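# Structural overview for review
What follows is each chain in one-letter form.
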Amino acid sequence: MIKKTLLLIAIFVAGVLGFATTKPDTFSVQREVSIKAPPQKIAALLTDFRQWPAWSPWEKLDPGMARTYSGAASGQGARYAWQGNDKVGAGRMEIVEAAAAERTVIELDFLQPYVSHNTTIFTLKRDGDATRVNWTMTGPSPYVSKVMNVFVSMDTMIGKDFDKGLSNLKAVAEQ
C-alpha cells in the first residue's frame, strides 16, 4: 500500500514537472481602463514615482517601506527603489522611455523575495473625453515560475493588483 502511494505521488510530481516544460518562456499581464481625464494629467501620475503612493496597489502594503528616488525628477531616467516587508520585498524601477503623454516604459527589477527582471508599459490613448490606459507587464518565465504556473497563472496572481491600481489611478486622475 505504501509503495503504491509513493509511486502515485512520484507519477504526479513527474507529471507536473513534465507539464511545466510546456509552459511559455515569457509571461504577460495586461489590464485596461477608461479614465475621464486628459492623457497629460494621467502621464504626470505615471512618470513621477513620487506620485505612485497615491494610486499604486503595492504602496499601502507596507507604510514603513523605505523609498529612494534618484535620477531625473520624472520621465526618462527617473529611478525608484524600495525595501519593505515580506508583502512588498525589495526592488527598483527606472523609466526608460516617456513618449509625451502616450507611452511610458519602465524596467522593473524585483530583488526580494525573488529576483525577476520585467518590463512594464503604460499606453495612453485619447478616446473622446476620456483616455484609455493600458497597463502591461511582461517578463521571462523561468522553470520555477513555469511549475507555479501549472497551478496559478501570473495573470491570476497579479491581475487583481493591476485592476486595483487602475481603479486607484482613475480615482486620482478624475479628481
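For the structure given in this document, a descriptive report is provided here. Since this is a predicted model, take the numbers as computed values, not measurements.

Check the secondary structure of the chain and you find 4 helices and 7 strands. The secondary structure elements of the chain, listed N-terminal to C-terminal, are α-β-α-β-β-β-β-β-β-α-α. Among the 175 residues that make up the chain, the fraction classed as buried is 38%. If you take every contact in the chain between residues at least 6 apart in sequence, the share linking residues at least 24 apart comes to 52%. Carbon together with sulfur atoms contributes 60% to the accessible area of the chain, which is approximately 9,900 Å² in total.

Turning next to the environment of G89. Topologically, G89 is positioned in the loop between β3 (78-83) and β4 (90-99). Under the relative-accessibility criterion, G89 is labelled buried at 5%. Spatially, the C-alpha atom of G89 lies 19 Å from that of D155, the residues being 66 residues apart in sequence. Residue contacts for G89: discarding those within four places in its chain leaves W82, Q83, G84, Q112 and P113.

This part covers the packing of helix α2 (residues 39-47) against helix α4 (residues 154-173). It is at 10 Å that the axes of α2 and α4 come closest, and there the two elements cross at 125 degrees. Between α2 and α4, the angle is such that the two are oblique. Every pair of crossing elements has a handedness; the one defined by α2 and α4 is right-handed. Counting all contacts with α2, which are made through K41, I42, L45 and L46, the residues of α4 involved are L169, V172 and A173. Broken down by class, the residue content of the contact of α2 with α4 amounts to 6 nonpolar, no polar and 1 charged.

At a minimum axis distance of 8 Å, the contact between helix α1 (residues 2-20) and helix α3 (residues 143-151) shows a crossing angle of 115 degrees. In terms of orientation, α1 and α3 fall into the roughly perpendicular class. For α1 against α3, the interelement crossing comes out right-handed. Residues F12, V16, L17, F19 and A20 of α1 lie in contact with α3, whose contacting residues are Y143, K146, V147, V150 and F151.

Here we come to unusual backbone geometry. Following Q112, the chain continues into P113 via a peptide bond in cis, with omega recorded as 5 degrees. Within the secondary structure, P113 is located in the loop between β5 (103-112) and β6 (116-127).

The next thing to look at is the nonpolar core. Counting residues in each nonpolar core, the largest one holds 34 residues, and the members touching the most others are I42, W55 and L169. Elements with a minimum of two residues in this core: β1 (26-35), α2, β3, β4, β5, β6, β7 (130-140) and α4. Among the elements that make up this core, the one with the highest residue count is α4 (6 residues). Residue contacts for W55: discarding those within four places in its chain leaves L45, L46, F122, W135, G165, N168, L169 and V172.

Turning our eyes to something else, we now look at the side chain of T136. For T136, the position within the fold is in strand β7. Every residue in contact with T136, bar those within four places of it in the chain, is listed here: S28, V29, Q30, T119, T120, I121 and F162.

In this section: the pairing of β5. Pairing of β4 with β5 involves 9 bridges; the strand directions are antiparallel. Counterpart to A90 in the pairing with β5 is Q112. Between β4 and the antiparallel strand that follows it, β5, lie 3 residues; A100 among them carries a positive phi value of about 45 degrees. As paired strands, β5 and β6 are joined by 8 bridges and run antiparallel to one another. Note on β6: the bridge partner recorded for F110 is S116.

About the cut-offs
Residues numbered from 1 in each chain as written. Predicted model: local features only at pLDDT ≥ 70, side-chain atom pairs only at ≥ 80, totals over all residues. Heavy atoms only, no water. Helix = DSSP H or I, 4+ residues; strand = E, 2+ residues; numbered from the N terminus. Buried < 20%, exposed > 50% of the residue type's maximum accessible area, 1.4 Å probe, protein only. Contact = heavy atoms within 4.5 Å. Areas by Shrake-Rupley, 256 points an atom, 1.4 Å probe, with all protein chains shown as cover. Axes fitted to C-alpha atoms, helices over the stretch in contact; angles between N-to-C directions. Parallel < 35°, antiparallel > 145°, perpendicular 65-115°, else oblique. Left-handed = near helix turned anticlockwise from the far one by under 90°. Nonpolar A, V, L, I, M, F, W, Y, C, P; charged D, E, K, R; others polar. Core = buried A, V, L, I, M, F, W, Y, C linked by side-chain atoms within 4.5 Å. Pairing = 2+ DSSP bridges.

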